[in-house]
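One-letter residues, chain by chain:
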Amino acid sequence: MFYKYITIALLLTSYTFCQEAGLEYDGIPVKTTDTKGHSVYTVVKRDIPKECKKILSNNTMLWTGNYAHAKVPESCKSTYVHTVGGHILPMFIDEDINTYGELEVLAFIKKMQTDDSMMLIDVCREEFYNYRTIPGAVNMPFYHFKERESFEFEFEQNMRDLGVYINTRDDSLDFTKAKTITIFCNGPWCSLSVTMIEALLDIGYPAEKINWYRGGMQEWLASGMTSTRK
């Protein structure tokens, strides 16, 4: 009986993976609104330039010097600051919170296009969000929640956007219609997303409605995914 359940679990996992495999190349049309209130569609996908597809996948080409051989075209490589952040974050931070990779985020974005109960949230400061983020993400800076006494108006507005009802008589929060959210920040060394999640759990936000994209913008860009900055 045990092996039967294991087999079923493996089949379900394989089925889910097959559904998501290739999603990064198919592309997900994401609807956003520009500063003039016009609807703008951005296709989120893994974009690999043609010249990059010809590169041999071997140690010489991939790991020479600073991780890329001089013969690799500039359009096929990126440079990131990898010395920021105090600590590399663990893969799991709570047993009820799913840790997402790029494919899971893409699948979430795809479903989010037709499901208003889902929200992708960039918790970085506004200047980071405005500079570059994942298409379709909204900005809810972590400090609106961590320091909610100092940002009472912003906190309450964010709560309403998240589908949380605020009882004005006693300031209690009703999470019955709270949205399912995926949270991210700048990278696997960025603790802002964890700070945000801790603040949400502290006020009673259901852990099962929270997903965490640990890799953040650094891993998103390193995978060649679309961002809001050209």
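Everything numeric in this text was worked out from a predicted model, so none of it was measured. (Residues numbered from 1 in each chain as written. Predicted model: local features only at pLDDT ≥ 70, side-chain atom pairs only at ≥ 80, totals over all residues. Heavy atoms only, no water.)

Q: Is there a simple way to think about the environment of M118 in this case?
A: The residue M118 is located in strand β4 (residues 118-122) in this model. Between the C-alpha atoms of M118 and I181, which are 63 residues apart in sequence, the distance is 5.7 Å. Apart from the residues lying within four places of it in its own chain, the contact partners of M118 are F108, K111, M112 and T180. (Helix = DSSP H or I, 4+ residues; strand = E, 2+ residues; numbered from the N terminus. Contact = heavy atoms within 4.5 Å.)

Q: For this particular structure, what's the right way to read the packing of aromatic side chains?
A: For any two aromatic rings, the description comes down to two numbers: the centre-to-centre distance and the angle of the planes. All chains considered together, the criterion is met by 7 aromatic pairs. An angle of 65 degrees between the planes, with centres 6.4 Å apart, marks the rings of Y100 and F108 as edge-to-face. Residue Y100 is classed as buried on the basis of its relative accessible area of 18%. Relative accessible area serves as the criterion here: at 4%, F108 is assigned to the buried category. (Phe/Tyr/Trp six-rings, centres within 6.5 Å; stacked < 30°, edge-to-face > 60°. Buried < 20%, exposed > 50% of the residue type's maximum accessible area, 1.4 Å probe, protein only.)

Q: What is the right way to read the nonpolar core from this model?
A: General note: in soluble globular proteins, nonpolar side chains tend to be found buried as a group. If you look at the biggest cluster of nonpolar residues, it comprises 33 residues, and the most contacted ones within it are F145, M159, L162, I181, I183, L200 and Y205. Listing elements by their share of this core, those giving two or more residues are β4, α6 (143-146), α7 (152-161), β8 (180-184), α8 (192-202) and β9 (210-213). Per-element accounting of this core gives the leading share, 6 residues, to α8. When residues no more than four places from it in sequence are discounted, the contact partners of I181 are F108, M119, I121, L162, L200, Y205, K209, I210 and N211. (Core = buried A, V, L, I, M, F, W, Y, C linked by side-chain atoms within 4.5 Å.)

Q: I keep staring at α7 and nothing clicks. Help me out?
A: Within an α-helix, residues lying three or four positions from one another point in the same direction, as the helix has 3.6 residues per turn. Every buried residue of α7 is accounted for by F155, N158 and M159. The buried side chains of α7 occupy one side of the element, clustering within an arc of 105 degrees when seen end-on. In this structure, the buried side of α7 is in contact with α6, β6 (165-166), β7 (173-174) and α8. Within two residues after α7, G163 carries a phi angle of roughly 85 degrees, on the positive side. (Arc of directions from axis to C-beta.)

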